[in-house]
Amino acid sequence: MKFHIDEKPYLPEGRQTVKVTEVEEGKSEHKDIPFFNLRLENEEGFINQRFYLSEPGEPFLAAFLKAVGLDDQKEVDTKQLKGKSLSVMVEERSYEDPQGAHKTIKQATDFQPAEKADQSNRF
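Residues numbered from 1 in each chain as written. Predicted model: local features only at pLDDT ≥ 70, side-chain atom pairs only at ≥ 80, totals over all residues. Heavy atoms only, no water.

Draft legend 1. Quick peek at the overall build of the chain. Across its full length, the chain carries 1 helix and 5 strands. Mapped from its N terminus to its C terminus, the chain presents α and β elements in the order β-β-β-α-β-β. Its C-alpha atoms give the chain a radius of gyration of 15 Å, within 12% of the compact-globule value 14 Å for 123 residues. Principal axes of the C-alpha set define a box for the chain whose edges measure 45 × 40 × 25 Å. Counting all 123 residues of the chain, 35% fall into the buried class. Relative to all contacts within the chain whose residues are 6 or more apart in sequence, the contacts with residues 24 or more apart total 51%. Carbon and sulfur atoms form 48% of the exposed surface of the chain, whose accessible area is close to 8,200 Å². Looking at the chain, you have 18 positive and 24 negative side-chain charges, and the mean spots of the two groups are 2 Å apart. (Helix = DSSP H or I, 4+ residues; strand = E, 2+ residues; numbered from the N terminus. Rg over C-alpha atoms; globule rule 2.2 N^0.38 Å. Buried < 20%, exposed > 50% of the residue type's maximum accessible area, 1.4 Å probe, protein only. Contact = heavy atoms within 4.5 Å. Areas by Shrake-Rupley, 256 points an atom, 1.4 Å probe, with all protein chains shown as cover. Lys, Arg positive; Asp, Glu negative; His and termini not counted. Charge placed at Lys NZ, Arg CZ, Asp CG, Glu CD.)

Following this line, the structure appears as structure tokens:
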């Protein structure tokens, strides 16, 4: 059997400097909450990070906007996010979905400006 893979692997856990390469908008499957999903990548791999546009999600989003230098704007268009670089901590998180199924995902946390990170992980 022959096959070809065009995709990068998921980023390993730990501190990574990444660039936003894709932005996708949508609504949550269970509560119809608007979100945008970012593909964050570097030479080692990628991670997808979803930001919910809800009151509980605002502090998480505020930290992200500060890390990419957009925290001083009253309104942000998701198109402005593509190409932005930042440093993130990649980690696994487990949770139970609304149907009771156990899920484990990789997520980006602890958003910091890219210039504070180790330059060896740059995209």
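Draft legend 2. Layout of a nonpolar patch on the surface. Where nonpolar side chains cluster on the molecular surface, the patch consists of Met1, Phe3 and Ile5 and spans about 480 Å² of accessible area. Structurally, the position occupied by Phe3 is in the segment before strand 1 (14-27). (Patch = residues over 30% accessible without salt bridge, like charges linked within 9 Å, V, L, I, M, F, W, Y side chains within 5 Å. Salt bridge = Lys/Arg side-chain N within 4 Å of Asp/Glu carboxyl O.)

Draft legend 3. Representation of the nonpolar core within the structure. One finds Leu38, Leu40, Phe64, Leu81, Leu86, Val88 and Phe111 to be the most contacted residues of the largest nonpolar core, which totals 20 residues. Within the residue set of this core, elements represented by two or more residues are strand 1, strand 2 (34-41), strand 3 (46-52), helix 1 (58-67), strand 4 (85-96) and strand 5 (102-113). Sort the elements by how many residues they give to this core and helix 1 lands first, with 4 residues. Discounting chain neighbours no more than four positions away, the residues touching Leu40 are Leu11, Val18, Lys19, Val20, Gly45, Phe46, Ile47, Gln49, Leu86, Val88 and Ala108. (Core = buried A, V, L, I, M, F, W, Y, C linked by side-chain atoms within 4.5 Å.)

Draft legend 4. Local environment of the side chain of Gln16. Counting through the fold element by element, Gln16 comes out in strand 1. Since its relative accessible area comes to 4%, Gln16 is described here as buried.

Draft legend 5. The arrangement of the sheet that holds strand 2 in detail. With antiparallel pairing, the 5 strands of this open sheet are ordered in space as 3-2-1-4-5. With one partner strand each, in any of the chains shown, strand 3 and strand 5 form the two edges of the open sheet. Strand-to-strand twist in this sheet, taken as the mean axis angle between neighbours without regard to direction, amounts to 40°. Of the pairings in the sheet, the one linking strand 1 to strand 4 comprises 6 bridges and is antiparallel in character. When the bridges of strand 4 are listed, Arg15 appears paired with Met89. The strands that helix 1 touches are strand 1, strand 2, strand 3, strand 4 and strand 5; relative to strand 5, the one it contacts most, it runs at about 45°. (Pairing = 2+ DSSP bridges. Axes fitted to C-alpha atoms, helices over the stretch in contact; angles between N-to-C directions.)

Everything listed here is a matter of coordinates, which is why it stays silent on function.
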